[in-house]
Amino acid sequence: MEKIVNMLATSQNSFINFARIAIFIVMAWIGGLKVYQYEADGVVPFVINSPFMNFFYHNTGKYAEDKNGKLVPEYQLFKNPEGLMVKKNMSWHQQNGTYTFAYLLGFVIVVIGSMTLLGIWFPKIGLWGAIFTIGMSIVTLTFLITTPETFVPKLDGDFPSPNVGFPYLSAAGRLVIKDVIMLATGMLIASDSAKRILANKSTF
């Protein structure tokens, strides 16, 4: 046990570099998937409800009647479940700018992940990658407040829905809350990068 404790105590730098690699894997994978239709469609509820990002879309703020005659945000009528491609829904997303924005977002995410990875060798680049990771995580976590889909809706069925709204996270909400880990990791990496810059007496 003592050997394990000693090994862990001297492995912090290696673990922080592994954290950089982990962030790169997540961001490169998720960012790369933004070029695909299903992933681009999936971010619409987050972006269109965000006061920080909704200006990227053309159909923000539009409402329409659903099949029950209820007025709902228009985007809710044009969702494509993952693995399903509906022509009229895709046409709406093209007009909305969904795919153009997704390409841009994916590129930015991959760049941030790459900058974070490069921090293994270049602390100044890694510092900016970590700072951007922190910023992206904060924006993502605001989706818990701005996106209705992050909590279980009251749909009922054969019985009244027992667990709805806060704190009952939906699949979308569980995806978003994980960015708390990304935020904390970004902070640790930023601190390590700054420490290495100071140690090398580097300047901005």
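Conventions adopted
Residues numbered from 1 in each chain as written. Predicted model: local features only at pLDDT ≥ 70, side-chain atom pairs only at ≥ 80, totals over all residues. Heavy atoms only, no water. Patch = residues over 30% accessible without salt bridge, like charges linked within 9 Å, V, L, I, M, F, W, Y side chains within 5 Å. Areas by Shrake-Rupley, 256 points an atom, 1.4 Å probe, with all protein chains shown as cover. Salt bridge = Lys/Arg side-chain N within 4 Å of Asp/Glu carboxyl O. Helix = DSSP H or I, 4+ residues; strand = E, 2+ residues; numbered from the N terminus. Buried < 20%, exposed > 50% of the residue type's maximum accessible area, 1.4 Å probe, protein only. Axes fitted to C-alpha atoms, helices over the stretch in contact; angles between N-to-C directions. Parallel < 35°, antiparallel > 145°, perpendicular 65-115°, else oblique. Left-handed = near helix turned anticlockwise from the far one by under 90°. Contact = heavy atoms within 4.5 Å. Nonpolar A, V, L, I, M, F, W, Y, C, P; charged D, E, K, R; others polar. Expected span 1.5 Å × (residues − 1). Arc of directions from axis to C-beta. Core = buried A, V, L, I, M, F, W, Y, C linked by side-chain atoms within 4.5 Å.

Draft legend 1. Highlighting a nonpolar patch on the surface. A cluster of nonpolar side chains, contributed by M1, I4, V5, M7, L8 and F15, occupies part of the molecular surface with about 640 Å² of accessible area. Counting residues per element, the nonpolar patch draws most heavily on helix 1 (residues 2-9), at 4 residues. With respect to the secondary-structure elements, M7 resides in helix 1. For M7, a relative accessible area of 47% puts it in the partly exposed group.

Draft legend 2. Structural context of the packing of helix 6 (residues 98-118) against helix 7 (residues 123-141). Interhelical geometry of helix 6 versus helix 7 gives an angle of 135° and a closest axis separation of 7 Å. Between helix 6 and helix 7, the interaxial angle falls into the category oblique. Handedness of the crossing formed by helix 6 with helix 7: left-handed. Each of I109, I112, M115, T116 and L118 in helix 6 lies in contact with helix 7, whose residues at this interface are I125, G126, W128, G129, A130, F132, T133 and M136. Of the residues in the contact of helix 6 with helix 7, the class split is 9 nonpolar, 4 polar and no charged.

Draft legend 3. Molecular detail of the packing of helix 2 (residues 12-33) against helix 6. The interhelical angle for the contact between helix 2 and helix 6, taken along N-to-C directions, is 165°, at an axis separation of 8 Å. As the angle between them shows, helix 2 and helix 6 are arranged roughly antiparallel. Judged by the sense of rotation from one axis to the other, the crossing of helix 2 with helix 6 is left-handed. Contacts from R20, I21, I23, F24, M27, A28, G31 and G32 in helix 2 reach G106, I109, V110, I112, G113, S114, T116 and L117 in helix 6. Broken down by class, the residue content of the contact of helix 2 with helix 6 amounts to 9 nonpolar, 6 polar and 1 charged.

Draft legend 4. Region of interest: the pattern of salt bridges. Across all of its chains, the model carries 4 salt bridges by this definition. Its salt-bridge partner being E149, residue K79 comes within 3.2 Å of it at the nearest N-O pair. Remark: E149 occurs in the loop between helix 8 (143-146) and helix 9 (171-177) and K79 occurs in the loop between strand 2 (71-73) and helix 5 (87-96); sequence separation between them is 70 residues.

Draft legend 5. Broad picture of helix 2. Across its 22 residues, helix 2 extends 32 Å between first and last C-alpha, which sits within 8% of the 32 Å expected from 1.5 Å per residue. Taken together, the buried positions of helix 2 are occupied by I16, A19, R20, I23, M27 and G31. Along the long axis of helix 2, the arc covered by the buried residues comes to 100°, so they all point the same way. Among the exposed residues of helix 2, those pointing more than 90 degrees away from its buried face are S14, F18 and W29. Those residues of helix 2 hidden inside the fold are in contact with helix 6, helix 7 and helix 10 (179-199).

Draft legend 6. Representation of the nonpolar core within the structure. Counting residues in each nonpolar core, the largest one holds 30 residues, and the members touching the most others are M27, V47, I48, Y57, F101, V176 and I189. For this core, the leading source of residues is helix 10, giving 5 residues.

Draft legend 7. Main features of unusual backbone geometry. Here the bond from F166 into P167 is cis, since omega is 5°, no more than 30 degrees from zero. The topology assignment puts P167 in the loop between helix 8 and helix 9. Phi is positive for D156, which is not a glycine, with a value near 60°. Tracing the chain through its elements places D156 in the loop between helix 8 and helix 9. A relative accessible area of 38% places D156 in the partly exposed class.

Draft legend 8. Representation of the side chain of S50. In this structure, S50 sits in the loop between helix 4 (44-48) and strand 1 (63-65). The exposure class of S50 is buried, given its relative accessible area of 0%. Every residue in contact with S50, bar those within four places of it in the chain, is listed here: F143 and T146.

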